[in-house]
Every structure is written in C-alpha cells, then in structure tokens.
Amino acid sequence: AATARPVLLRQAGLQMLEDAVRRFGAAEDPDCEGYALLDQSEAQITSVLRTALRHEEHPSLTVAACGVCWELLTAKRPEGQDAGERGEAESRFVGLLLGKVEEGRQHRRGYYGDLAYASVQLTTLKTLARLLASGGESVRQAMKPKLPMLCRLWVAGLKERLRGAIGMGPYSVALTDEEATISAGVYS
C-alpha cells in the first residue's frame with residue numbers, strides 16, 4: 001500500500017508502516033538473537049521512504065514518511081545488537097531526510113503550492129531537529145556536515161513561526177537564501 005499510485009492509499013500504507021515500527025521496532029528477531037525483527041525488512045522500508053520523500057510526491061506522503069523515520073530512529077533496539085550496523089541504518093535514514101531538505105531547496109517549484117512547500121520543509125526540519133536532540137552518536141555524525149545549513153533553516157523556521165504568531169507580515173530586510181526558502185512558502 002505504501003508504494004501504490006493513489007495518494008490516500010499510499011498515505012494509509014505509510015501510517016500503517018509507522019504503526020508497525022512503533023509496535024515492533026524493539027522486538028527481537030526470534031530466529032536471530034541480537035537482531036531486531038524489522039532488520040529483515042530494512043531494504044523494503046528504505047525503498048518506501050525514498051519513494052515517499054521524492055520532490056514529485058504529494059506533500060502528505062512526505063509528512064507521513066517523516067513520522068516513519070522518527071519511529072525508526074527512536075525505536076529501542078534489542079540488547080546486543082551490533083552498534084555499527086545500527087549506525088549505518090540510522091545514517092541512511094537521516095540521509096534520506098537531509099536529501100529531502102536539499103532537494104526541496106533545489107526543486108521548490110515542483111511542489112503543489114508555496115504553502116505545501118513550506119509545510120513539507122518545516123515538517124522535515126522539525127523531524128531532523130527532534131532527531132538531533134534525542135538521537136544517538138550516529139545520528140549526530142550523519143547530520144554534522146549539514147549542521148550549518150540546518151541551523152540557518154531552523155532559525156528561519158523559528159522566525160517564520162514567530163512572525164505568524166504575532167501577526168507580522170513579510171520581512172522588510174534582506175533574507176539569506178535559506179531564510180527565503182522557508183518564508184517564501186508562506187508569503188509569496
């Protein structure tokens with residue numbers, strides 16, 4: 001269902017996947033001690049997420065994919081699982097989210113509208129911020145090269161949120177490209 005054509009069916013598939021990860025993310029594989037049950041499905045999950053995070057996809061799929069990534073990266077893991085393997089998987093999922101931010105900055109006009117674009121970027125940035133705050137060392141290392149860009153985008157998102165909260169209009173000062181990436185979605 002997560003790779004079907006109709007958007008609502010795909011969105012439901014991603015929500016089911018998120019629920020499955022939430023319920024079984026900490027479950028140990030009964031056939032292979034020290035491994036998570038979901039490790040067997042990692043390639044399929046990665047494929048579903050990569051598809052949902054493409055810039056051509058409906059914004060609701062990106063939002064749902066961010067939820068799946070959050071659950072995958074914050075799930076408790078079985079005792080004794082190889083930290084290196086876990087780190088590789090975490091880096092791969094963080095890389096998908098970082099790629100979405102980069103792709104969004106390059107393909108802004110491919111979205112359904114400016115508001116949808118801003119919503120997708122803010123959801124992805126929020127997920128990355130939450131992961132940075134609560135993730136392990138491999139998550140931090142995966143984000144480290146992109147932290148300067150992410151920090152600028154997070155600040156731009158906060159400014160945007162504050163402007164909306166206090167009823168201010170568009171900025172009257174020059175914006176950096178990163179700040180324009182966020183604020184253009186709401187005020188263009």
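Data block above holds the structure.
Residues numbered from 1 in each chain as written. Predicted model: local features only at pLDDT ≥ 70, side-chain atom pairs only at ≥ 80, totals over all residues. Heavy atoms only, no water.

Draft legend 1. Highlighting helix α3 (residues 59–74). In this model, α3 (16 residues) spans 23 Å end to end at C-alpha, consistent with the 22 Å of a helix rising 1.5 Å per residue. Of all 16 residues making up α3, 14 are buried, and the element is well covered by its neighbours. (Helix = DSSP H or I, 4+ residues; strand = E, 2+ residues; numbered from the N terminus. Expected span 1.5 Å × (residues − 1). Buried < 20%, exposed > 50% of the residue type's maximum accessible area, 1.4 Å probe, protein only.)

Draft legend 2. Region of interest: the state of the cysteines. Going through the model one piece at a time under the given rule, you end up with zero disulfides. Cysteine Cys 69 remains unbridged, with the sulfur of Cys 66 as its closest cysteine sulfur at 6.4 Å. (Disulfide = S-S within 2.5 Å.)

Draft legend 3. Molecular detail of the pattern of salt bridges. Counted under the stated rule, the structure contains nine salt bridges. Here Arg 10 makes a salt bridge to Glu 57, at a shortest N to O gap of 2.6 Å. You can see Arg 10 sitting in helix α1 (residues 7–24) and its partner Glu 57 sitting in the loop between α2 (42–52) and α3, a full 47 residues away along the chain. A residue is classified by how much of its surface remains accessible, and Arg 10, at 2% relative accessible area, is buried. One continuous salt-bridge network, built from bridges that share partners, spans Glu 18, Asp 19, Arg 22, Arg 23 and Glu 71. (Salt bridge = Lys/Arg side-chain N within 4 Å of Asp/Glu carboxyl O.)

Draft legend 4. How the structure looks around empty space enclosed by the protein. Using the criterion set out here, one finds one cavity of 30 Å³ or more in the structure. Forming the boundary of the largest cavity are Leu 38, Asp 39, Glu 42, Ile 45, Leu 72, Leu 73, Arg 77, Arg 86, Ala 89, Glu 90 and Phe 93. When contributions to the lining of the largest cavity are tallied by element, the ones reaching two or more residues are α2, α3 and α4 (83–106). Class assignment for the residues of the lining of the largest cavity results in six nonpolar, no polar and five charged. (1 Å grid on protein atoms, 1.4 Å probe; cavity = no way out; pocket = protein on both sides within 12 Å on 5 of 7 lines; lining within 4 Å. Points joined across faces, edges and corners; volume = space filled by probe spheres on them. Nonpolar A, V, L, I, M, F, W, Y, C, P; charged D, E, K, R; others polar.)

Draft legend 5. Inspection of the packing of aromatic side chains at higher detail. Taken as a whole, this structure holds zero aromatic pairs when the rule is applied. The lysine or arginine in question, Arg 130, covers the ring of Trp 70, its NZ or CZ lying 3.8 Å from the ring centre. (Phe/Tyr/Trp six-rings, centres within 6.5 Å; stacked < 30°, edge-to-face > 60°. Lys NZ or Arg CZ within 6 Å of the ring centre and 35° of its normal.)

Draft legend 6. Looking closely at the packing of α3 against helix α5 (residues 114–134). Taken N-terminus to C-terminus, the directions of α3 and α5 make an angle of 5 degrees; their axes are 9 Å apart at the nearest point. Taken as axis vectors, α3 and α5 run roughly parallel relative to one another. Residues Pro 59, Thr 62, Val 63, Cys 66, Trp 70, Leu 73 and Thr 74 of α3 pack against Ala 116, Val 120, Thr 123, Thr 124, Thr 127, Arg 130, Leu 131 and Ser 134 of α5. (Axes fitted to C-alpha atoms, helices over the stretch in contact; angles between N-to-C directions. Parallel < 35°, antiparallel > 145°, perpendicular 65-115°, else oblique. Contact = heavy atoms within 4.5 Å.)

Draft legend 7. Highlighting the nonpolar core. Core analysis: the largest hydrophobic core is formed by 35 residues, its most contacted members being Leu 49, Phe 93, Val 94, Leu 128 and Leu 150. For this core, the secondary-structure elements that each account for two or more residues are α1, α2, α3, α4, α5, α6 (137–143) and α7 (147–166). Ranked by residue count, the leading element in this core is α3, at nine residues. Not counting residues within four places of it along the chain, the set of residues in contact with Phe 93 comprises Glu 42, Ile 45, Thr 46, Leu 49, Cys 69, Leu 72 and Leu 73. (Core = buried A, V, L, I, M, F, W, Y, C linked by side-chain atoms within 4.5 Å.)

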